[in-house]
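The lines below spell out each chain.
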Amino acid sequence: MTNGIETLASRPIGRRAALIGLAGVAGTLSMPWIARAQAETIRIGFPTPLTGPFAAEANDQVRSAQLAVKLANDKGGIAGRKVELLVRDDKLNAGEAATRTLELIEKDKVHAVVGALSSAVQLAVNEVTRARSMLYISISQSDTINEIKDFSPYTFHEALNPTMTTAVVARHSFKKGSKVAYLVADYAYGHEMLRGFKRAAKEIGAQTVSEILHPFGAADYSTFIPTILSSGADILCICNFGRDQANSIKQAVDFGVKDQMKIVVPVLLHNQRLAVDPEVFEGVTGGANYYWGLEETMPSAKAFNDAFRAMYKGTIPTDYGAYGYTGVASLLIAIEKAGGTEPQKVIAALEALKYDIAKGEQSYRKCDHQSMQSVLVLESKAKKAMKSDADLFKIVAAEPASESVLRTCSELGFKS
Amino acid sequence: MTVQLIAMQLFSGLALGAVLIMVALGLSIIFGMLGIVNFAHGALFMVGAYAGLYVAGLTGSFWWALLIAPVMIGLFGMLIERFLIRPLYGRSPDDPLLLTFGLGYVLVEAVRILFGTDGIPFSTPAALRGVVNLGIGFFPLYRLFVIGVVVAVLLLLWIGLEKTKFGLIVRAGSADPLIMRVLGVDISRLWLVVFGIGVGITALGGVLAAPMRNVSPEMGTLVLAEAFVVTVIGGMGSLPGAVIAGLIVGVSVSMTSLFAPEMATIVMFALMALILLVRPNGLYGRAAPGL
């Protein structure tokens, strides 16, 4: 801006110089605006399905996200600015999520979006944020969001993806020569998990003996079970989510499936385990992004749990809830490092970030912006082994962050 | 694919049919006798399951839940009939339909507020856990028990409607309420009782389903669709129709699960469309009263 004024003074006044000068004056006049913008609250939009079948998980996400915001404000804000979370109900509907996100961007003038809790809804939000060059931290399992056709330079994927989840779960539950039967929900989530497990099974040398796709939201699984029982499998791998998971495991156990085979799921859900008796889930193995029991070995998990307990009357954070925390907290750290909300600077900061805020070291891979992070393998405890109502799982393994469980950048279509 | 697997699949289908009959029965009775399309059916099913959960928690016994919850919800059904539906008799049949549709939403939200949005565990009673060897394969004891209860309820209904004076009056009342009034029968009291029984049976279905499907505020949504499919295929309001339709749907779903499992839900609706094309009133249906 000072350059403009110098030019004005040192040269004969031409039209071009005058214009430059005017721009300089305008720039100087707008300085107070810039100064005020610096103190402006950092607004983070948070679309999530507060109503509908994933409501329990969504409400946990909101509570964890609010904790991240509170901790930032308690220490005086980020880069001197207060932080505000704007939560919106996306009703688990892609159209609703897109509308709410657009409103957050256009009307509420948010600086970044974090959220969504289903792969399809998440992709709808991603479409909107990509078109508007808006920062987005996605926090729901998806493989598609890593691939080049859906990639947005403004999007960072904080959640696990099916490829890495299934790779780690299979490593700790499949063996060479294992016979695996799959019961899979017939939509994107199930398909991606199935693909991941089969990819891992091939490497391990496990064999697929049966593959059953069930309709999303089915109430009765009894008619799928005779095929599973007669398949000769020693592992039943159930790839579905939410209530489908609770119902299908319950009914499989009723049919005595557990006497013949081990039940493995991609993601063992805290809230679904609570919705069913411990005996039903006993011995069921699955992956997780977070489990509060990590606090015994990991200081960052202990700090996160303690802060959560302090804010929410002694309750503990859950798996999908923790995404709300790590998603918002990593974004805020990057904004602090970038010294503001200017998107390109925040992107650079996120790409360079190394953070350990709840579950060990994490960082975003440069090509697809996938968060490389630890993956847990959990086993559901027997009732008599539970020390408290929240003592649900035994941590079988906590595999530290590694690129080896991800698809390579070139596999995803990125030129390295 | 062995003969044994096919036989087992067929049996699973018949067992599922029994579950579907149980799910549809309340809807069928209320429509058959009163001509009311009860859109709150799914919600009342869910409320029945929650009532069962509540009674089981209070008494510590599944058996008390099975007995008391349907009576509780049946009485609640009578209140609904007396104060909400009765003022609508004699008006367009759309009115009770709209009313029950809205009532369904109110009940689901009320349960969400009272018991939370998460599912709640409902254990299979200890005496009914485990599997039974049928010779062709293993089958859960609890599902065999459900089949038994459905047969017993159907038998009681049949005796009640066909062999008692009360049943005679109910049937006459549903055929021609005006003549019954002229003959001095208090039709409104009769309908109150029939509505209560229908809702009670719906709640019984909810309690029976709870150990299989878990309890959640949304558990009635799919039930409403299943119940309508069975009732429409059987012929609105026909009890034998509901039984035959339940079994046909169960076996179709089961056989589809064997060959094209991802089609297992859609096949119900395809079957319904097909049967409606050939027999617009369903298998055993008469032209719907007032519709």
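The rules we used
Residues numbered from 1 in each chain as written. Chains lettered and ligands numbered in written order. Predicted model: local features only at pLDDT ≥ 70, side-chain atom pairs only at ≥ 80, totals over all residues. Heavy atoms only, no water. Helix = DSSP H or I, 4+ residues; strand = E, 2+ residues; numbered from the N terminus. Buried < 20%, exposed > 50% of the residue type's maximum accessible area, 1.4 Å probe, protein only. Contact = heavy atoms within 4.5 Å. Areas by Shrake-Rupley, 256 points an atom, 1.4 Å probe, with all protein chains shown as cover. Lys, Arg positive; Asp, Glu negative; His and termini not counted. Charge placed at Lys NZ, Arg CZ, Asp CG, Glu CD. Pairing = 2+ DSSP bridges. Axes fitted to C-alpha atoms, helices over the stretch in contact; angles between N-to-C directions. Disulfide = S-S within 2.5 Å. Buried area = accessible area lost by both parts, 1.4 Å probe. Salt bridge = Lys/Arg side-chain N within 4 Å of Asp/Glu carboxyl O. Polar contact = N/O pair within 3.5 Å; in protein donor to acceptor, adjacent residues only side chain to side chain. Expected span 1.5 Å × (residues − 1). pLDDT = per-residue confidence, 0-100. Right-handed = clockwise from strand over helix to strand, strands pointing away. Phe/Tyr/Trp six-rings, centres within 6.5 Å; stacked < 30°, edge-to-face > 60°.

### Comments concerning the overall build of chain A
Phase 1: When helices and strands are tallied, chain A shows 16 helices and 15 strands.
Phase 2: Dimensions along the principal axes, computed over C-alpha positions, put chain A at roughly 90 × 45 × 35 Å.
Phase 3: Relative to its 416 residues, chain A shows a buried fraction of 61%.
Phase 4: In chain A, once contacts between residues fewer than 6 apart in sequence are set aside, the share between residues at least 24 apart is 68%.
Phase 5: On chain A, roughly 16200 Å² of surface is accessible, and the fraction owed to carbon and sulfur atoms is 56%.
Phase 6: Side chains of chain A give 47 positive and 45 negative charges; the mean places of these two sets differ by 5 Å.

### Observations concerning the sheet that holds strand β8 (residues 235–239) of chain A
Residues and elements named next belong to chain A.
Phase 1: Across the sheet, which stays open at both edges, the 7 strands sit in the order β7-β6-β8-β9-β10-β14-β15 with mixed pairing between neighbours. Among the strands making up the open sheet, the edge pair consists of β7 (207–214) and β15 (393–399). Sheet twist, expressed as the mean angle between neighbouring strand axes with direction ignored, is 20°.
Phase 2: The pairing of β8 with strand β9 (residues 262–267) spans 3 bridges and is classified as parallel. Following the sheet pairing, isoleucine 235 is matched in β9 by lysine 262.

### Things to note about the state of the cysteines
Residue and element names in this part refer to chain A.
Phase 1: Going through the model one piece at a time under the given rule, you end up with 1 disulfide over all chains.
Phase 2: Here cysteine 237 stays unpaired: no disulfide links it, and the sulfur of cysteine 239, its closest cysteine neighbor, is 3.9 Å away.
Phase 3: Its relative accessible area of 0% is what places cysteine 239 among the buried residues.

### Looking at the interface of chain B and chain A
Phase 1: Tallying the contact residues gives 37 residues for chain B and 31 residues for chain A.
Phase 2: Taking both sides of the interface into account, the surface hidden between chain B and chain A amounts to around 2700 Å²; carbon and sulfur atoms contribute 51%.
Phase 3: It is Arg143(B), Asn214(B) and Glu262(B) that lose the most area in chain B upon contact with chain A, and together they represent 18% of the buried surface on that side.
Phase 4: In this structure, the connection of chain B to chain A is made through 3 salt bridges.
Phase 5: Of the charged contacts, one joins Glu279(A) and Arg129(B) as a salt bridge, the two residues approaching to 3.7 Å between their closest N and O atoms.
Phase 6: Run the count over chain B and chain A and you get 14 residue pairs in polar contact (both at pLDDT 80 or more).
Phase 7: Taken together, the elements giving at least two residues each to the side of chain B that touches chain A come down to α1 (3–34), β2 (138–140), α8 (187–213), α9 (219–234) and α10 (239–259) of chain B.
Phase 8: With 5 residues, the single largest contributor to the side of chain B that touches chain A is α1(B).

### Observations regarding α8(B)
Phase 1: Compared with the 39 Å implied by 1.5 Å per residue over 27 residues, the 38 Å span of α8(B) between its first and last C-alpha is a close match.
Phase 2: Taking burial as the measure, the 27 residues of α8(B) include 23 buried ones, the bulk of the element.

### Notes on the confidence of the model for chain A
All names here are of chain A.
Phase 1: The share of residues in chain A with pLDDT of 70 or more is 91%, and the mean pLDDT across the chain is 90.
Phase 2: The model gives residues 1–13 a pLDDT under 50, and that stretch makes 12 contacts with residues more than four places away or in other chains.
Phase 3: For the stretch residues 32–37, pLDDT sits under 50, and the model shows 1 contact to residues farther than four places along the chain or on other chains.

### Brief notes about the pairing of strand β6 (residues 179–185) of chain A
Residues and elements named next belong to chain A.
Phase 1: Of all the 7 residues making up β6, 6 are buried; the element is thus mostly covered by neighbouring parts of the structure.
Phase 2: Strand direction decides the pairing type here: β6 and β7, joined by 7 bridges, are parallel. In the strand pairing of β7, leucine 183 is matched with isoleucine 212.
Phase 3: Of the crossover connections in this fold, the one passing from β6 over helix α8 (residues 188–204) to the parallel β7 is right-handed.
Phase 4: Of the pairings in the sheet, the one linking β6 to β8 comprises 5 bridges and is parallel in character. Directly across from tyrosine 182, in β8, lies its bridge partner cysteine 237.

### Quick notes on the pattern of salt bridges
Phase 1: With the rule as written, the count across this model stands at 35 salt bridges over all chains.
Phase 2: Residue Arg243(A) pairs with Glu218(B) through a salt bridge whose shortest N-O separation is 2.5 Å. Highlighted residues: Arg243(A) in helix α10 (residues 243–254) and Glu218(B) in the loop between α8 and α9, drawn from two different chains.
Phase 3: Across the salt bridge formed by Arg171(B) and Glu162(B), the nearest N and O atoms sit 3.6 Å from each other.
Phase 4: For Arg171(B), a relative accessible area of 30% corresponds to the partly exposed category.
Phase 5: According to the relative accessible area criterion, Glu162(B) is partly exposed, its value standing at 40%.
Phase 6: Each of Lys91(A), Glu96(A), Arg100(A) and Glu103(A) takes part in one network of salt bridges that share partners.

### A closer look at the packing of aromatic side chains
Each aromatic ring pair is specified by the distance between its two centres and by the angle formed by the two planes.
Phase 1: In total, this model carries 30 aromatic pairs over all chains according to the counting rule given.
Phase 2: Taking the centre distance of 5.6 Å and the plane angle of 25° together, the rings of Phe174(A) and Phe197(A) count as stacked. Here Phe174(A), found in the loop between α7 (162–173) and β6, pairs with Phe197(A), found in helix α8; they are 23 residues apart in sequence, far enough to count as distant.
Phase 3: Taking relative accessible area as the criterion, Phe174(A) reaches 3% and is therefore assigned buried.
Phase 4: Accessibility expressed as a relative area gives 0% for Phe197(A), which makes it buried.
Phase 5: Residues Tyr50(B) and Phe115(B) carry aromatic rings whose centres are separated by 5.0 Å and whose planes lie at 40° to one another, so their mutual orientation is tilted.

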